Amino acid sequence: MELKKRHALLPPSLNGLRVFESAARHLSFTLAASELNVTQSAVSRQIRQLEESLGFPLFIRHHRALELTESGKEVALLLTRQYSELNRTIKQCRVQETGTLKVKVAMSFAVRWLIPRLHSFKALHPDLDIVISSSMGHTSEELMLDEDDYHVAVYNMQHEPPSRYQQHFLRKEYLAPVYSGQLTRSNQPVSIDELLNYPRLHPTSDQSDWKAWLKSIQRPNQIHQPGLTFNTLDMALTSCLAGQGVAITDLMLVVHELEQGYLMLPKHAAVVANSQWMYYYHATTESDDVTHFIDWLTAEQQKEKTALLRMAEQRGWTILE
């Protein structure tokens, strides 16, 4: 008995669908060719063969641009969704089979917070192989969340514009200036007026964190002060710990240093907790290992938030919600 073809309308080669999905995403044969590591002419040929097999056009070809037809949009939307789900399923199976958890984080978060505490998670899951990768940037776009080679990403971004990824709120920032006793040659906190006379250490060239904090204490005109500018928060904090100036930072990244007295805040410091910047995490798969890591991450963050708020109460800092 001859079996009836179940998917008779699908093209003979499914590779054409993969090529089309890439070209539709980029709206470019050239970029699709680069992504798939083939020639531009090979992409063009595959698309034409696919259109002939399907019996309708997928692209409107302009002189210097591509535009999807209405049918092309429908097919592209379906393919992208299905490929993403398939990719996620394969990745989930790999996590379960290999026992490897890949975590992607911003450099400052990795160095200042995650790595010093990772031993406690590792102690709970000694057989899990953990791979940490980082980026100099810290936002979802700078971390390139389109890349597939991670299971969990942790990043910092503003409320607006909303992310196109399924993000989960982790915590908000607690922004304030910190300094080392090596700078003031004293273990006693200085006044805010005294603090503002010391060199400023900027983690970004736009000095946005300092501007936000000074605005919160009604001193927006006092931004101009000689100092040093870095392109990562970690470098600014390293300079700060060496006594080279006053750094502005998210206090949740330096809770240990504050508890041990390595860093200090000025007297009656204002801590800005209503910044637009928030921490989020994004998981590409669902697995026990991913769930365990996220549960540990959120619990540790809550523990440190409690410690920070307790210090604020004891040391007379004002939290500006």
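You'll find the structure just up there.
As the structure is a computational prediction, the values presented were derived from the model and not from experiment.

Visitor: I tried to follow the packing of helix H5 (residues 107-124) against helix H11 (residues 288-315) on my own but got confused; where do I start?
Guide: The geometry of a pair of packed helices is captured by two quantities: the angle between their axes and the separation between those axes. Where H5 contacts H11, the axes come no closer than 11 Å and their chain directions differ by 120°. If you check the angle between H5 and H11, you find them oblique. Seen along the crossing, H5 lies across H11 with a hand that is right-handed. From H5, Phe109, Trp113, Leu114, Arg117, Leu118, Ser120, Phe121 and Leu124 reach across to H11, where they touch His292, Phe293, Trp296, Leu297, Glu300, Gln301 and Glu304.

Visitor: Explain the pattern of salt bridges here, please?
Guide: Under the counting rule described, the total for this entry stands at 11 salt bridges. Glutamate 321 is the salt-bridge partner of lysine 172, the closest N and O atoms lying 2.5 Å from each other. With a gap of 149 residues between them, lysine 172 in strand E6 (residues 168-172) and glutamate 321 in the segment after strand E13 (318-320) connect regions that are remote in the sequence. Its salt-bridge partner being arginine 219, residue aspartate 193 comes within 2.6 Å of it at the nearest N-O pair. Taken as a pair, aspartate 193 in helix H7 (residues 192-195) and arginine 219 in the loop between helix H8 (208-216) and strand E9 (227-229) lie far apart in primary sequence, 26 residues in all. Exposure remark for arginine 219: the relative accessible area of 23% places this residue in the partly exposed category. The structure contains a network of salt bridges with shared partners spanning Glu21, Arg25 and Glu35.

Parameters and conventions
Residues numbered from 1 in each chain as written. Predicted model: local features only at pLDDT ≥ 70, side-chain atom pairs only at ≥ 80, totals over all residues. Heavy atoms only, no water. Axes fitted to C-alpha atoms, helices over the stretch in contact; angles between N-to-C directions. Helix = DSSP H or I, 4+ residues; strand = E, 2+ residues; numbered from the N terminus. Parallel < 35°, antiparallel > 145°, perpendicular 65-115°, else oblique. Left-handed = near helix turned anticlockwise from the far one by under 90°. Contact = heavy atoms within 4.5 Å. Salt bridge = Lys/Arg side-chain N within 4 Å of Asp/Glu carboxyl O. Buried < 20%, exposed > 50% of the residue type's maximum accessible area, 1.4 Å probe, protein only.

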